[in-house]
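Chains, contacts and geometry: an overview
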Protein chains: 2
Amino acid sequence: MSTQERKERERASRHRLIVSAARELAETEGWDAVTTRRLADRIEYSQPVLYSHFRKKDEIVGAVALEGFAELTEAVRRAVPTGPASRAAAAALANAYVAFAERNPTIYDAMFSLSAGLPFADPATPAPLREAFEALLDTLGDVAGPVEPGLFVEVFWAALHGLVTLTRAGRLPPEHNAQRLDVLVDRLVDR
Amino acid sequence: MSTQERKERERASRHRLIVSAARELAETEGWDAVTTRRLADRIEYSQPVLYSHFRKKDEIVGAVALEGFAELTEAVRRAVPTGPASRAAAAALANAYVAFAERNPTIYDAMFSLSAGLPFADPATPAPLREAFEALLDTLGDVAGPVEPGLFVEVFWAALHGLVTLTRAGRLPPEHNAQRLDVLVDRLVDR
DNA sequence: TCGAATGTCTAGCAGTGCTAGACTCGCCTT
DNA sequence: AAGGCGAGTCTAGCACTGCTAGACATTCGA
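In this text, all values refer to a predicted model and were calculated from it rather than measured experimentally. (Residues numbered from 1 in each chain as written. Chains lettered and ligands numbered in written order. Predicted model: local features only at pLDDT ≥ 70, side-chain atom pairs only at ≥ 80, totals over all residues. Heavy atoms only, no water.)

Notes on the overall build of chain A
Within chain A one finds nine helices and zero strands. For chain A, the N- to C-terminal ordering of α and β elements is α-α-α-α-α-α-α-α-α. For the C-alpha atoms alone, the extent of chain A along its principal axes is close to 60 × 40 × 25 Å. Buried residues in chain A amount to 50% of all 191 residues. (Helix = DSSP H or I, 4+ residues; strand = E, 2+ residues; numbered from the N terminus. Buried < 20%, exposed > 50% of the residue type's maximum accessible area, 1.4 Å probe, protein only.)

Quick look at the structure:
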């Protein structure tokens, strides 16, 4: 039995290696550089090995995206103080969200633009995605006012996401980003 | 001189043919089906002809995107009654925007997701893009309240765009779309 | 020690965007 | 009206993509 366990450990470790290599390659040279050949090169295995871990290349991107959701959750949780949520907490969350996207543009792309391979399976959505949403819900739910908290969080999240993507696409001048965020929070939060 | 004019006319007509063929192909089979080979086939010319009109394939997508911006402008203008803008006008605009995106998902993708080849040249942005923004400004500027109208429109637009993209990506359950839009307009519009 | 099964690699397929160079045709000049 | 030149087009091909069948080791259990 021991040898089988060892093999599984090694396999899991190679799995992680693939994901982190893909991420690093994407972060340094962009997603276009993440081809199956170059990725196989990096991990010092041949292409078919990738396909023994993932069914399609998209699934590798999806795995990186899941990492991103976990990190986004952490960043958001760290930014807002625990305790009763307020307008200030919502503002801190919004800032943290946008900052994360600006700090990790490549991962953010994987999370939203290249999401074709994200395991969107039956038991709702994958855990990290759900947890990210819950992190938002925990602080934004309290400032939802009369509307259903879940719905409010969806709207708030969508607005943040729109701001991020339009800015990143060069459609919004980046210099007034902070002001835009201010307006958004000011208006959305129940007064 | 006449023959040269005729040639230019024919050339311009073929230019339009390429763009409309690309759009039709994309709308019926998705952007993945729009390859230079299949597109060349459709217009009954060879691939190099495409490249005598556009430098890269992205530019063809960009041309379709520009059409989309023009149509979006029209849809928005048609939806809001002329005259003093109000909360109702803003709601009508928001509905028209989202409806356009739902009615033309393929073109919307060209406008925002596949925007690599959009002529983003020096004199600010291309005309149709500017005009679309102005259409939003005309009705939303009046409900901006104390904040600078341009900035407000950017925020409003980003929020709409975020709602559209997250819904389309399957991240938001589509059934509560109308409610989300209601909340968004309710909160953003100055009261 | 041998047979089988697990694992990995080489080589290749069908497709992509894009282009160099051959060719043909229509136009202008003599 | 005949000829040559240039513009316009096409064929063929390059370098690359994601993905996979089949050959080859290598390791394991009997």
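Once you've had a look at it, read on.
Notes on the protein's contact with DNA strand C
Lining the immediate surroundings of DNA strand C are 16 residues, of which Ser46 of chain A together with Thr35, Arg37, Tyr51 and Lys57 of chain B lie closest. In DNA strand C, atoms within 4 Å of the protein come 48% from sugar and phosphate. Within the side chain of Arg37 of chain B, one N or O atom sits 2.8 Å away from a base nitrogen of DNA strand C. Contact distances for DNA strand C include 2.8 Å between a phosphate oxygen and a backbone N or O atom of Lys57 of chain B. Those elements that place two or more of their residues in the surface near DNA strand C are helix H3 (47-53) of chain A together with helix H2 (36-43) and helix H3 (47-53) of chain B. (Near = heavy atom within 4 Å. Polar contact = N/O pair within 3.5 Å; in protein donor to acceptor, adjacent residues only side chain to side chain.)

Overview of the relation of the copies chain A and chain B
With an RMSD of 0.0 Å, the fit of chain A onto chain B corresponds to turning through 180 degrees and sliding 0.0 Å along the axis. Each copy turns onto its partner about a two-fold axis. (Least-squares fit on C-alpha atoms with pLDDT ≥ 70 in both.)

Quick look at the domain arrangement of chain A
Size of an interface: often given as the accessible area lost when the parts come together. All names here are of chain A. Domain boundaries in chain A define domain 1 (1-53) and domain 2 (57-188). Computed over C-alpha atoms, the centres of domain 1 and domain 2 are 28 Å apart. Each side of the interface is counted separately: domain 1 has 11 residues, and domain 2 has 13 residues. Where domain 1 packs against domain 2, one counts two salt bridges. Put simply, Glu71 and Arg23 hold a salt bridge, and the shortest N to O gap is 2.8 Å. At the surface where domain 1 touches domain 2, the tally comes to four residue pairs in polar contact (both at pLDDT 80 or more). The element contributing the most residues to the side of domain 1 that touches domain 2 is helix H1 (residues 2-29), with six residues. Tallied by class, residues from the side of domain 1 that touches domain 2 come to eight nonpolar, one polar and two charged. (Domains from an automatic or database assignment. Contact = heavy atoms within 4.5 Å. Salt bridge = Lys/Arg side-chain N within 4 Å of Asp/Glu carboxyl O. Nonpolar A, V, L, I, M, F, W, Y, C, P; charged D, E, K, R; others polar.)

A short note on the protein's contact with DNA strand D
All names here are of chain A. Residues in contact with DNA strand D amount to 16 residues; listed here are only the nearest, Thr35, Arg37, Gln47, Tyr51 and Lys57. Counting only atoms of DNA strand D within 4 Å of the protein, the sugar-phosphate share comes to 48%. Between Thr35 and DNA strand D, the recorded distance is 3.5 Å, taken from a side-chain N or O atom to a phosphate oxygen. Separating a phosphate oxygen of DNA strand D from a backbone N or O atom of Lys57 is a distance of 2.7 Å. The element contributing the most residues to the surface near DNA strand D is H3, with three residues. Classifying every residue of the surface near DNA strand D gives six nonpolar, four polar and six charged.

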